[in-house]
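Here is what each chain is made of, one letter per residue.
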Amino acid sequence: MIKYYAIPKVWFSVLLYFAIIELVIIFTKPSLFLDWNFILTRVIFVFAFIFSVIIKRKISKNFFQLLQNILVFALMTFLYKETAMLNTLIFPKIDEFLSNLDQNIFKFQPSIEFSKHFNSLFFSELFYFGYFCYYLLPLVVLGILYKFLPQKIEEFGFILISSFLLYYFIFIIIPAEGPQFYFTFPDNYIEAQGIFGNAIKLIQKNGEASTAAFPSSHVGISWIVIFWLYQNFRKSVKYFLPFLILLMFSTVYIKAHYFVDVVAGFLTAPIVFFLTFKFYKFLNHKLDVRFN
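Everything numeric in this text was worked out from a predicted model, so none of it was measured. (Residues numbered from 1 in each chain as written. Predicted model: local features only at pLDDT ≥ 70, side-chain atom pairs only at ≥ 80, totals over all residues. Heavy atoms only, no water.)

A. Spatial organisation of the packing of helix H6 (residues 121–148) against helix H10 (residues 217–232). With their axes 10 Å apart at the nearest point, H6 and H10 run at an angle of 25 degrees to one another. For the element pair H6 / H10, the angle class is roughly parallel. The two elements H6 and H10 meet at a crossing, and its hand is left-handed. For the pair H6 and H10, the contacting residues are Tyr131, Tyr134, Tyr135, Leu137, Val141 and Leu145 in the first and Ser217, His218, Ile221, Ser222, Val225, Trp228 and Leu229 in the second. Tallied by class, the residues present in the contact of H6 with H10 amount to ten nonpolar, three polar and no charged. (Axes fitted to C-alpha atoms, helices over the stretch in contact; angles between N-to-C directions. Helix = DSSP H or I, 4+ residues; strand = E, 2+ residues; numbered from the N terminus. Parallel < 35°, antiparallel > 145°, perpendicular 65-115°, else oblique. Left-handed = near helix turned anticlockwise from the far one by under 90°. Contact = heavy atoms within 4.5 Å. Nonpolar A, V, L, I, M, F, W, Y, C, P; charged D, E, K, R; others polar.)

Here's what the structure looks like:
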């Protein structure tokens, strides 16, 4: 039998998320329990959990924390895509409301006009690079921590993954698909003109779904990373901030988000950071989860 102290902390957050999602499904659409994609996602996480427990004592503490957090971070793709199946179980999508907010604020649609007026190769690559930074940011921070602050990898990874899970739950109860799905062609289309543009198009083709627009988790997660770095590795923040600012513009430029999504991502980031950090401290205190 697996003792609680043998279970890496981040899995308590993952298991709690699954428990909440299963309850939502029981009361809304129980037939999803027979959906093959739904079942496969849970099988993958079960195997990943078993793998984590098995290798925990076979490799060094620091390398295990690095490997485990990269593994769970990669698996977030499956849960993200799953929100597309779940995000209308409770409420309908609110894209009309969000796009109207943008229209009332600017008297035009920023997600349409931005890329239309800055359509050169330079701006295309610049903003696609900014969007690409979202995928690199957690990995770069994990690499830095592994080298300079390995005792903090567990905490950072827990807050990162827990923040993703909290945003995914928000996407389920506040469904929105974003400009790239809500608007029709050609308003929802932007041509990729370079390396980063084509890279993002490839990622979107294989991993994107009509979900997760409000609030922008790209913005929210990135700010949470900055908040955590400010508390624990302050001298590095100044190097990441320019990329974060670029990312905020990029989410609108490539039509992934409405402007109000970006604002909501920024405003919710400190709340999500506070909740996930408190949950981490709670587990530390109540469960005494540690490596022996």
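B. A look at the pattern of salt bridges. Tallied over the entire structure, the rule returns six salt bridges. Among the charged side chains, a network of salt bridges with common partners joins Glu22, Arg42 and Glu82. (Salt bridge = Lys/Arg side-chain N within 4 Å of Asp/Glu carboxyl O.)

C. Summary view of a nonpolar patch on the surface. Taken together, Leu23, Ile26, Phe27, Phe33 and Leu34 make up a surface patch of nonpolar side chains, about 580 Å² in accessible area. Examined against the element boundaries, Phe27 turns out to sit in helix H1 (residues 9–28). (Patch = residues over 30% accessible without salt bridge, like charges linked within 9 Å, V, L, I, M, F, W, Y side chains within 5 Å. Areas by Shrake-Rupley, 256 points an atom, 1.4 Å probe, with all protein chains shown as cover.)

D. Geometry of the packing of aromatic side chains. One pass over the full model with this rule turns up 40 aromatic pairs. Measuring from centroid to centroid gives 5.8 Å for Phe73 and Phe164, while their planes differ by 50 degrees, and the two rings are tilted. Taken as a pair, Phe73 in helix H3 (residues 61–86) and Phe164 in helix H7 (residues 153–173) lie far apart in primary sequence, 91 residues in all. Just above the ring of Phe38 sits the side chain of Arg42; from NZ or CZ to the centre is 3.4 Å. (Phe/Tyr/Trp six-rings, centres within 6.5 Å; stacked < 30°, edge-to-face > 60°. Lys NZ or Arg CZ within 6 Å of the ring centre and 35° of its normal.)

E. Structural view of the packing of H6 against helix H11 (residues 237–253). Packing of H6 against H11 leaves a shortest axis separation of 8 Å and a crossing angle of 130 degrees. Judged on the interaxial angle alone, H11 and H6 are oblique. Between H6 and H11 the crossing geometry is left-handed. Residues of the contact of H6 with H11, tallied by class, amount to 17 nonpolar, four polar and no charged.

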